[in-house]
Amino acid sequence: MTQRALVTGVTGQVGAYLADFLLGKGYEVYGMIRRSANEEFERLEHLRDRIHLEHGDLLDEMSIVNLIEKVRPHEIYNLAAQTFVPTSWLQPVLTGDCTALGVTRFLEAIRKVDESIRFYQASSSEMFGAVQEEPQSETTPFYPRSPYGVAKVYGHWITVNYRESYDMFACSGILFNHESPLRGKDFVTRKISDAAARIKLGVQKKLKLGNLDAQRDWGYAGDYVRAMWLMLQQDEPDDYVIATGESHSVRECVEVAFGHVDLDWNDYVEVDSQFLRPAEVHRLRGDAGKAREKLGWQPEVHFTELITMMVDADLERVRFELESDDE
Ligand code: GDR
């Protein structure tokens, strides 16, 4: 029987990789999209005729119930959220409503329609925030440092709670930062790769960044969607940290990106206080030992390869845009 998967946040970076991965596994893929005046499907162009897009909204319980009743998925991947950490200080209530309560709306809808649906919740390393130990694993206590991180802690625990309360197959993947050429341009790796390409090609002069000392465990989004799927194929639901185990600073990211196009980053990068955060997460590094052991998962792409892959993709895209402008 064909497996059906419903993916929320399908228009985002991870949604595009996951939809592609699930199609490759023979799934019928349904993506939930918000109704909007300007629908953006840039990342899904190559998949548009192979996936089904259906309207639904994390803020609207009935729309979720109706969607699940219509699609009757075997698996649901909840990737949708307000995911940009700085915005969570500007819109803390909206962030809580979709990133935290949105999870409960999905879990309640599953209970109402069909409790056997398997559920994946996109938890985040931002829950570790002011880290209590290093590296961070499934047993490390949380100490979130932004309204986003706080909302994700709620989403995480409500997933655990519904699993324990109602015996639902609900899993939570605690994913550390995951990047790719499809990453949104506000996130720091893509902001850097895009700037390195544009500066190299003479269409940008400077790159303004915030805290260059922040350190993250950056992996490749394409590797991480495999882990999400594996979690839902196990005999028992559980929570897993997904990470590379390596931590690098924003400064190192800049060095690799600009070095790749033979530029000295010191000539182009400026620190601008508008990109500093009210409370920072200084350093994250994950221990994915449980995922390695139980899921047989490990990352294939590492830091330098990831950043240079992103710079190469941006070089190609910016060149293409410049050539198109000339015609
Ligand atoms: P993060 O990702 O907040 O870790 O959350 P982001 O790339 O935004 O920031 C990483 C670190 O870089 C520092 N930084 C800057 N960040 C941005 N965006 N812009 C800048 O100019 C800049 N300069 C320095 C930040 O201070 C921070 O320390 C991401 C999101 O995808 C979340 O949704 C997800 O849950 C986590 O990763 C895992």
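Residues numbered from 1 in each chain as written. Predicted model: local features only at pLDDT ≥ 70, side-chain atom pairs only at ≥ 80, totals over all residues. Heavy atoms only, no water.

(A) Here's a closer look at the overall build of the protein chain. Broken down by element type, the protein chain carries 10 helices and 13 strands. Against the globule reference of 20 Å for 327 residues, the protein chain gives a C-alpha radius of gyration of 20 Å, in line with a compact fold. Within the protein chain, buried positions represent 53% of all 327 residues. Accessible surface, the protein chain as shown: approximately 14,700 Å² in total, 46% of it carbon and sulfur. In the protein chain, 36 side chains carry a positive charge and 54 a negative one; their mean positions are 2 Å apart. (Helix = DSSP H or I, 4+ residues; strand = E, 2+ residues; numbered from the N terminus. Rg over C-alpha atoms; globule rule 2.2 N^0.38 Å. Buried < 20%, exposed > 50% of the residue type's maximum accessible area, 1.4 Å probe, protein only. Areas by Shrake-Rupley, 256 points an atom, 1.4 Å probe, with all protein chains shown as cover. Lys, Arg positive; Asp, Glu negative; His and termini not counted. Charge placed at Lys NZ, Arg CZ, Asp CG, Glu CD.)

(B) Representation of the pairing of strand S1 (residues 4-8) within the structure. Within S1, 4 of the 5 residues are buried, which leaves the element mostly enclosed by the surrounding structure. Relative to strand S2 (residues 28-33), S1 runs parallel, the two sharing 5 bridges. Paired with threonine 8 across the two strands is methionine 32, which belongs to S2. As judged from the 4 bridges shared by S1 and strand S4 (residues 75-78), these two strands associate in the parallel manner. Residue pairing for S4: alanine 5 is matched across the bridge by glutamate 75. (Pairing = 2+ DSSP bridges.)

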